[in-house]
Amino acid sequence: MISPASLLSGSRVLIDLDALASNTAQLRRRAGNAEVMAIVKANAYGHGMVPCARAALAGGATWLGAAQIDEALVLRAELGMPAPILAWLYPPDGRFSEAIAADIDLGVSSLGALEVIASAARDLGRPARIHLKVDTGLGRSGAQPATWPELVERALGLQAEGSCAIVGCWSHLAYADAPDHPTIAAQKEVFAWAVEAAERMGARFEVRHLANSALLLTDPSAAWDMVRPGLALYGLSPMPGLASSADLGLRPVMTWESQLVLVKAVPGGHGVSYGHEYVTASDTTLGLVPLGYADGVPRHLSNVGPVWVGGRRLRVSGRVCMDQFVVDLGAGAREVAGDPVVLLGPGDRGEPTADDWAAAAGTISYEITTRIPAHVRREYVGGAG
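Glancing now at the sheet that holds strand 9 (residues 226-227). With parallel pairing, eight strands are arranged side by side around a closed barrel as 2-3-4-5-6-7-8-9. In this structure, strand 5 (residues 104-108) lies alongside strand 6 (residues 128-133), joined through three bridges in parallel fashion. Its bridge partner lying in strand 6, Val108 is registered against Leu132. Against the sheet, helix 7 (residues 111-124) makes contact with strand 5, strand 6 and strand 7 (164-170), and its axis sits at roughly 170 degrees relative to strand 6, the strand it touches most.

The following block contains the structure:
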C-alpha cells in the first residue's frame, strides 16, 4: 500500500530542535524564578509533539502541557517521567483512570469534572493531581468567581478523603497579546483574588500560573510560580504587530520545503488554475508545486501567498488547489523540475516566514503551523529528536 507520506516525498517540514531548546532557555531566563511549562498541544503547534517536548525539556522546561488527555498519555508513554504533564480539555467520560494511573495532572473547571475525576481516583485507590481553574474573564473554561469558593471547598474535602491532591491554581488571559488592554489588569486582579481566597480556605498550591507566551514576554512580573509558553517556544511572536521574533530574541523552528514538479513555458494571456483568477501578462514560465489546501496551504493564499524560488521571493499565481499550486517564475526563468521551493522558514535568506503567510492569508501564525497535516513529512535536525 502506498502511504500518503510517500506521495509527498519531495516535500518536508524541517524542525530545528536546537532552535527550540534555545528559545526555551531564553523564555526560562525571562521567567526568573518561575518554572516553565512547555505547551506542546496540537502536535506541538504542528511541529511534532514528542521530539519538541524533548527539546523543550533540554532547554530548561520543567513541565509539559498537552490540552487533551490522549496527548498527555502519548507523552508519558514516550518520555517516561521526566516532568509533570498537565491536561485540561476532556469530555465527561474522559480517560481519567488512565490519566491518574500515568501521573498526569488534570485541570478542573467545574464541580462536575471534579466529581468524575474523584470517582475515578477512588476506584484506582490513588489521588488525582488537580489544578483548579478560575475564569478571570476569558469566558472559556474555568469556574466563575461566584462559584469559585464552592469548587475550592469541595476540592479540599476530596483532598481530605484522599481522592484528590490540589497541585495548582490557574487561569488564562483574553488580551495578553495587547499589553495595554484594560482587561489584562482586571484579569490579573481576579486571579490574585482567587488565589488569596483559596489559600484562606486552606489550599496550598504547588504552582500558581497565569502567563502564556505573550504575557511572559510583555510582563514577566506576572509569572507567579510557573509560566506556560506555547507559540514562543517555536520561535514565533505572539504579537507580531508589536514585536518580531528577532526583536524578542527568538528563532523560528520550522522550515517548509518542496520542489517544482513541472516547469513549462506559456504565452501571454494564458489563464492559470481554476477560475483563471491569474492570467499571464506576457510570455512567461510557470512552475508547479505539489502542495495544496489538503496539505495545509491555505486557499486564502491564492494569488497572494509568498514563496521562495531560486533566490527570489515570488507568489502563488492563481488559486491554491487541493494538492498543488502554480508560481509564475517569469520570462527567461532557469528553474527546472526538481529545483527547491521554500514555502516558509526563519527568513534568513529572504524566504517567507509563518508571519508572512499569516498576514497574506488574514490569519495568525498559530493556524499556519498547526494546519500542516501529519502526512507532510517532518524531519528533525539537532537536539535529541
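Right, picking up where we left off after that structure.
Before going further, it helps to spend a moment on the side chain of His47. Within the element layout of this structure, His47 appears in the loop between helix 3 (41-45) and helix 4 (49-58). His47 sits in the buried class, given a relative accessible area of 1%.

In the structure shown here, the tally under the stated rule is 19 salt bridges. Here Glu257 and Arg12 are joined by a salt bridge, their closest N and O atoms 2.9 Å apart. Remark: Arg12 occurs in strand 1 (residues 12-16) and Glu257 occurs in strand 10 (residues 254-259); sequence separation between them is 245 residues. Judged by its relative accessible area of 19%, Glu257 is buried. For Arg12, a relative accessible area of 27% corresponds to the partly exposed category.

Spatial ordering of the open sheet is given by 16-15-18-10-1-19, a layout of six strands whose pairing is mixed. With one partner strand each, in any of the chains shown, strand 16 (312-315) and strand 19 (378-381) form the two edges of the open sheet. Neighbour-to-neighbour, the strand axes of the sheet open up by a mean angle of 30 degrees, direction not taken into account. Sheet contacts for helix 2 (residues 17-30): strand 1 and strand 19; angle to strand 1, the most-contacted strand, approximately 40 degrees.

All right, on to the nonpolar core then. The biggest cluster of nonpolar side chains holds 121 residues, and the ones touching the most others in it are Leu75, Ile130, Trp148, Trp256 and Phe325. Ignoring anything within four residues of it in the chain, the contact list for Phe325 reads Gly287, Leu288, Val289, Leu291, Val297, Val307, Val316, Val320 and Leu343. Membership of the second largest hydrophobic core comes to six residues, among which are Val266, Leu286, Leu288 and Val326.

For the pair helix 4 and helix 5 (residues 69-79), interaxial distance at closest approach is 10 Å and the crossing angle is 65 degrees. Relative to helix 5, the element helix 4 lies roughly perpendicular. As helix 4 runs across helix 5, the sense of the crossing is right-handed. In this structure, helix 4 contributes Met49, Val50, Ala53, Arg54 and Leu57 to the contact, and helix 5 contributes Glu71, Val74, Leu75, Glu78 and Leu79. Of the residues assigned to the contact of helix 4 with helix 5, the class counts are seven nonpolar, no polar and three charged.

Attention now moves to the pairing of strand 10. Most of strand 10 is tucked away, with five of its six residues classed as buried. Across four bridges, the pairing between strand 1 and strand 10 is antiparallel. Looking at strand 10, one finds that Arg12 is bridged to Glu257. Bridge count between strand 10 and strand 18 (residues 340-344): four bridges; the pairing is antiparallel. When the bridges of strand 18 are listed, Ser258 appears paired with Val341.

Rules and cut-offs
- Residues numbered from 1 in each chain as written.
- Predicted model: local features only at pLDDT ≥ 70, side-chain atom pairs only at ≥ 80, totals over all residues.
- Heavy atoms only, no water.
- Pairing = 2+ DSSP bridges.
- Helix = DSSP H or I, 4+ residues; strand = E, 2+ residues; numbered from the N terminus.
- Contact = heavy atoms within 4.5 Å.
- Axes fitted to C-alpha atoms, helices over the stretch in contact; angles between N-to-C directions.
- Buried < 20%, exposed > 50% of the residue type's maximum accessible area, 1.4 Å probe, protein only.
- Salt bridge = Lys/Arg side-chain N within 4 Å of Asp/Glu carboxyl O.
- Core = buried A, V, L, I, M, F, W, Y, C linked by side-chain atoms within 4.5 Å.
- Parallel < 35°, antiparallel > 145°, perpendicular 65-115°, else oblique.
- Left-handed = near helix turned anticlockwise from the far one by under 90°.
- Nonpolar A, V, L, I, M, F, W, Y, C, P; charged D, E, K, R; others polar.

The values reported here are purely geometric and, on their own, carry no functional implication.
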